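Topology and contacts: notes
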Amino acid sequence: MLTFLSLILEHPFHYLIEPLTTDRPDKKYFNVLKLNDPRYVGLPYSIRVLLEAAVRNCDGLHIKKEDALTILDWKKQQNQADIPFWPARVLLQDFTGIPAVVDFAAMREAVKKHGGDPSKVNPVCPTDLIVDHSIQIDFSKSAIQNAPNPGGGDAAPRASSSKLPSKISPCQRSSSCLSSCHSELSSPSSKQRTTEIENTPLLCPFHLQPVAGPETLLRNQEIEFSRNKERLQFFKWASKVFQNVTVVPPGSGMVHQVNLEYLSRVVFDLRDVFFPDSVVGTDSHTTMVNGLGILGWGVGGIESEAVMLGQPVTLTLPEVVGCKLVGTTDPLATSIDVVLSVTKHLRQAGVSGKFVEFFGPGVSQLSVADRTTIANMCPEYGATVSFFPVDEVTLRHLKQTGCSETKLDAVKTYLKAVKLFRNYQNPSEDPEYSQVIELNLSGIVPYVSGPKRPQDRVMVNEMKKDFQNSLNEKVGFKGFQIPPEKQKEVVAIEFEGKDYKLAHGSVVIAAVISCTNNCNPSVMLGAGLLAKKAIEAGLSVKPYIKTSLSPGSGMVTYYLNASGVLPYLHSLGFEVIGYGCATCVGNTAPLPESVVAGIQKGDLVACGVLSGNKNFEGRLCDCVRANYLACPPLVVAYAIAGTVNIDFEKEPLGVNFEGKAIYLRDIWPSREEIHQVEEQEVIPSMFRELRVKVETKEPSCPKSIENAHVLLHLGDSVTTDHISPAGSIARNSAAARYLTRNGLTPREFNSYGARRGNDAVMTRGTFANIRLLNKFIGKTAPKTIHIPSGQTLDVFDAAERYQREGCPLIILAGKRYGLGSSRDWAAKGPYLLGVKAILAESYEKMHKNHLIGMGIIPLQFLPEETVDRLGLTGKEQYTILIPKELCPGTTVSITTNTGKAFKAVAKFDNEMEITFYKQGGILNYVARKML
């Protein structure tokens, strides 16, 4: 890093450096307005952040002066020029973070093997790893729902009372930790930040003190620590060995909530230089932080490692779609309704790979919690970011969360100085956009989304009709094709000695989970108030429904408890089961056997309702085919009703002990009620207490791919869940057979997400999703055909046979290949199976980048050409001629052994991607630079 003196003397833009204020001449910033270019004020605010980063980090090597000038010329250069971007920090969660740490360890070994110094392999960019995806729901309703799965080994003994470093602190001292929590908050910008993890059940995860709290939470946390002992010990080792790494232990909160509450700076003050906060993270929902005015997005684990090692992210200068919000929201509409409306609106507008920036008078009505909820859903409508520039609402939020007046003054002064602070009510501040989409908030009514995709929005008052239509529709994104004579099927079951009935539409999972909106006080308090009114009205939830509450952080538990609604949620079965991603990533224990048997007996379309952001078929549980996304109050409402096949306007939720019918309108809390409680309970002191929580060799030219067989013949919208599932490991899978051979019992299998550091398991888990539809097979199953023999095999077994035969592999796919969450194993897995190329009609941009990062070439059919139109069966052998000189948009020639010939486009967006591909991927590229 350049010292400040060298910045002044050598920096290409040294003439832009000046004091932020006259009373503190030591505090500097790059005044981009001194470029004296009128184009600056016309730039979208998100592009201004990219420009400032290019100006400040301009070193003449990675970032050149021409790059900054290219960004300044955004209006002409958008969607054409490639630019580098150096984010301020990197954010990892454990599912995608552990492969990054494993890769760092592997790179150290590789550098040592070639005579280099392995200790040099350390993150250059500040990196935070939050362990939040390991929680599973083994216990709910204070009862054992499933036998514990301790897969990580024996529980550790209780640790001593020595405290963790103060970077991470507080347990809830009033109700959890039996000792006082008085750690001082360390500055996030301090030098090396290192945090250890103690694998100790029933201890405060911050201070290693005994805790006394909700039985369900503690039991789940105990199993979490035991099951993941091996992983947590590896994280502990990594936090000691690698410099500039912070590991946030389990139980602290979900990654995005920790990012919002603690890690986010909005404006950095580093080495006496002010600059905008920015981040890339190994989770597609890193965009949540855009709602706080921080530019950030999700990247693959491979790309994040390059950033950690000092390489900038390379991206095509994006188009920026302005989403203008006008009108006033309906009193009954929640932020989730706004989110689902925005998701569908932008998905239809085609914003994939673009920046979305919100503006217009309607933005001022949205709290920061609302904005972060909307930004969290960004990957679901395909945009790279969903940016809300900082305004007075943002500053009020920062003040409420405990930010000092001195810090607030500096933030506002700096942002105004570089014109990154805005007034949404003033149209004269509106920049130019590539395209403008207008959304009238007054037209938004309550919605849910499903039954299989987040963009398929359904008005709540049409839910019953829509579900009944889905039973009739042929199998697809909206249909289940249930014969008319079987649609009235009712199956009797017994649970805990009582009789119940299941039918199509019966709710068997209801989860208020931590990802999209648990940071949003209005919807969470709304759920709590609805639960309170429901209990007072004499309503209840059937006990066989797997209900759970997984808050984003202790902050949520704090205000639910302080407002008095938490006991009512618990009474309905929505107990706090832990802090982290659970149901949304398939980390839920199996349903009761009688429920599963009933579903299977009647071939029922059972339903899950959750307040998350992903509802792909089979994601929650194998036997739950219909999954709906809804706001937390509606999750509680559908749980009480016990079915989605209900018209809330005409049908009651239930009948109380007096025989009185209770309708949803009778217990729905008004916006005024929610806001009153919010103002009383979401107070600065709460945030102040909880903020202390988390205190070279030349590569050979790429070779052509000769006589490749097709491993899989797939259709449209293949998701990263289909490619690399994160849920439980099926007992009849290739991964299960491998674990069994190594002495593990099914109880010890754990989940694919928890075993992402084990390449043998993850390779066998690639394409192991039971909902995978391979056209070779003709039905959903994790199977394929070994073409030479005609045998039907598990995908891994077929790939292994092809590798023994020395045969390269490709995959045929339709539109939007790689849809869904950022998941690096969705690229690593195919690579380890021997896949050399994907040939698809179109790609989700992030996944396409991951494929390149692993050395897999993404090929796209020419317009108007598809597998069917070219007359391909997938059973041919393919030869792909890759030219020695590659450039973005290169066309390659493809021939088959049946005599067909056609062309496809190599989907490289810039020269850096080509460099990565030639080097065999990002890891090889970075490792070679260390030699």
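Residues numbered from 1 in each chain as written. Predicted model: local features only at pLDDT ≥ 70, side-chain atom pairs only at ≥ 80, totals over all residues. Heavy atoms only, no water.

The name given to the chain in an unreviewed UniProt entry is Iron-responsive element-binding protein 2, and the organism recorded there is Chiloscyllium punctatum. As recorded by UniProt, the Subcellular location (unreviewed entry) comment attached to the chain reads in full: "Cytoplasm". Reading the Sequence similarities (unreviewed entry) entry of the UniProt record for the chain gives the comment "Belongs to the aconitase/IPM isomerase family." (UniProt positions renumbered as here; feature names shortened; annotations may be inferred.)

**Some words on empty space enclosed by the protein**
Taken as a whole, the second largest cavity spans an internal volume of roughly 70 Å³. The wall of the second largest cavity is formed by Val49, Val266, Pro276, Asp277, Gly293, Ile294, Leu295, Phe387, Val390, Leu415 and Leu420. (1 Å grid on protein atoms, 1.4 Å probe; cavity = no way out; pocket = protein on both sides within 12 Å on 5 of 7 lines; lining within 4 Å. Points joined across faces, edges and corners; volume = space filled by probe spheres on them.)

**Describing the nonpolar core**
Counting 157 residues, the largest nonpolar core has Trp297, Leu711, Phe767, Tyr817 and Leu859 as its most contacted members. Top contributing element to this core by residue count: helix H2 (residues 45–56), with eight residues. Non-local contacts of Tyr817, meaning those with residues more than four positions away in its chain, are made with Leu714, Val718, Ile723, Phe767, Ile811, Ile838, Ala840, Ser842, Tyr843, Glu844, His847 and Leu851. (Core = buried A, V, L, I, M, F, W, Y, C linked by side-chain atoms within 4.5 Å. Buried < 20%, exposed > 50% of the residue type's maximum accessible area, 1.4 Å probe, protein only. Helix = DSSP H or I, 4+ residues; strand = E, 2+ residues; numbered from the N terminus. Contact = heavy atoms within 4.5 Å.)

**A short note on the pairing of strand E10 (residues 273–276)**
Of the two faces of E10, the one carrying Val273 and Phe275 and the one carrying Phe274 and Pro276 are both buried. Judged from the two bridges that link them, strand E2 (residues 24–30) and E10 form a sheet pairing that is parallel. Looking at E10, one finds that Lys28 is bridged to Val273. Across four bridges, strand E9 (residues 267–270) lies against E10 in antiparallel orientation. Bridging from a neighbouring strand, Phe268 pairs with Phe275 of E10. Two successive antiparallel strands, E9 and E10, enclose a turn made up of two residues, where Arg271 displays a positive phi of approximately 50°. (Pairing = 2+ DSSP bridges.)

**Comments concerning the sheet that holds strand E12 (residues 295–298)**
The strands making up a sheet are joined through hydrogen bonds of the backbone, oriented either antiparallel or parallel. Pairing in this open sheet of five strands is parallel, and the strands run E8-E5-E4-E11-E12 from one edge to the other. This sheet does not close on itself; its edge strands, each paired only once, are strand E8 (245–248) and E12. The sheet shows a mean angle of 20° between the axes of neighbouring strands, taken without regard to direction. With four bridges joining them, strand E5 (residues 127–130) and E8 adopt parallel strand pairing. Residue pairing for E8: Asp128 is matched across the bridge by Thr246. Contacts from helix H5 (residues 94–113) reach strand E4 (89–93) and E5 within the one sheet, and its direction differs from that of E4 by about 110°. (Axes fitted to C-alpha atoms, helices over the stretch in contact; angles between N-to-C directions.)

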